[in-house]
Amino acid sequence: MFDLPFQTQPITRTTGFATALRNTPADPCLSFTLTTATRTPAAMMSGQAHPKILDRFDTLAEAMRGAIDHAEDIGPDAAPQLLAILDRDERLVLAGAASDGAVAWCNPVANAVEARAVVIEACQSRTQAARAAEWDESDLAQRLRRRADLLDARLVDPLWRAFAARALQIAA
């Protein structure tokens, strides 16, 4: 249909990236916020799983560098952390998995058709994860949930898709 942003994207429920900045003072000088998902069971069950704000930046390049700096603090044995860069209006600009000094940025979807396919695939992964959890396959369930989260991380706001894709090309 239309390639317009949707206020309650699937990424907000599963990874907890959007709508958390409401209780923090907005600094009009800093346009980008680096966040990581809060995955405490109590917060997720209560629907209060808001992202943890790591830092605020003036430019996307500075935010990407801040994500890399954060990744350098992650130990080599730690699980990858999903990081997201949000704009002033809490739209997803870019996301990636940070671990051991590096960030593997997720390529943003190119259009609404690709976004729908990604949402369908993420939902299927979560369904498989639920089945795996029922069969006491916790490692498989965790991998499938992480895969779904990485797919959701590709759901960059339509306003930022081309810009984020170009930023990743320049950074490579």
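All values reported here derive from a predicted model rather than from experimental measurement.

Caption draft 1: Examining the packing of aromatic side chains more closely. The tally for this structure, following the rule as stated, stands at two aromatic pairs. Ring geometry for phenylalanine 32 and tryptophan 160: centres 5.5 Å apart, planes at 65 degrees, overall edge-to-face. Remark: tryptophan 160 occurs in the loop between helix H5 (138–152) and helix H6 (161–171) and phenylalanine 32 occurs in strand E1 (residues 32–36); sequence separation between them is 128 residues. Residue phenylalanine 32 shares its accessibility class with tryptophan 160, and that shared class is buried. Plain terms: the ring middles of tryptophan 160 and phenylalanine 163 are 5.6 Å apart, the flat faces sit at 70 degrees to each other, and that makes the pair edge-to-face.

Caption draft 2: A look at the pattern of salt bridges. Going through the model one piece at a time under the given rule, you end up with eight salt bridges. We note a salt bridge from arginine 91 to aspartate 87, for which the minimum N-O separation is 2.7 Å. Take arginine 91: its relative accessible area is 26%, and that puts it in the partly exposed class. By relative accessible area, which is 3% here, aspartate 87 ends up buried. One salt bridge in this structure joins glutamate 114 and arginine 154, with 2.4 Å as the shortest N-O distance. Of this pair, glutamate 114 sits in helix H4 (residues 112–134) while arginine 154 sits in the loop between H5 and H6, and the two are 40 residues apart along the sequence. Note on glutamate 114: relative accessible area 27%, which makes it partly exposed. Connected through salt bridges with shared partners, the residues Arg65, Asp69 and Glu72 form a single ionic network.

Caption draft 3: Representation of the pairing of strand E4 (residues 92–99). Counting buried positions along E4 gives seven out of eight residues, so the element sits mostly inside the fold. Here E4 hands over to strand E5 (residues 102–105) after two residues, with aspartate 100 in that stretch at a positive phi of 45 degrees.

Caption draft 4: Spotlight on the side chain of serine 125. Within the secondary structure, serine 125 sits in helix H4. Here serine 125 falls in the buried class, since its relative accessible area comes to 4%. Once you skip the residues sitting within four places of it in the chain, serine 125 turns out to touch Leu144, Arg147, Ala148 and Leu151.

Caption draft 5: Looking closely at H6. Turning to H6, its buried residues number three or more, namely Arg161, Ala164, Ala167 and Leu168. On an axial view of H6, the arc spanned by its buried residues comes to 130 degrees, and they lie on one face. When the buried face of H6 is taken as reference, the exposed residues oriented beyond 90 degrees from it are Ala162, Gln169 and Ile170. Residues of H6 that are buried in the fold lie against helix H3 (60–72), E4, E5 and H4.

Calculation criteria
Residues numbered from 1 in each chain as written. Predicted model: local features only at pLDDT ≥ 70, side-chain atom pairs only at ≥ 80, totals over all residues. Heavy atoms only, no water. Phe/Tyr/Trp six-rings, centres within 6.5 Å; stacked < 30°, edge-to-face > 60°. Helix = DSSP H or I, 4+ residues; strand = E, 2+ residues; numbered from the N terminus. Buried < 20%, exposed > 50% of the residue type's maximum accessible area, 1.4 Å probe, protein only. Salt bridge = Lys/Arg side-chain N within 4 Å of Asp/Glu carboxyl O. Pairing = 2+ DSSP bridges. Contact = heavy atoms within 4.5 Å. Arc of directions from axis to C-beta.

Taken by themselves, the reported measurements are silent on function.
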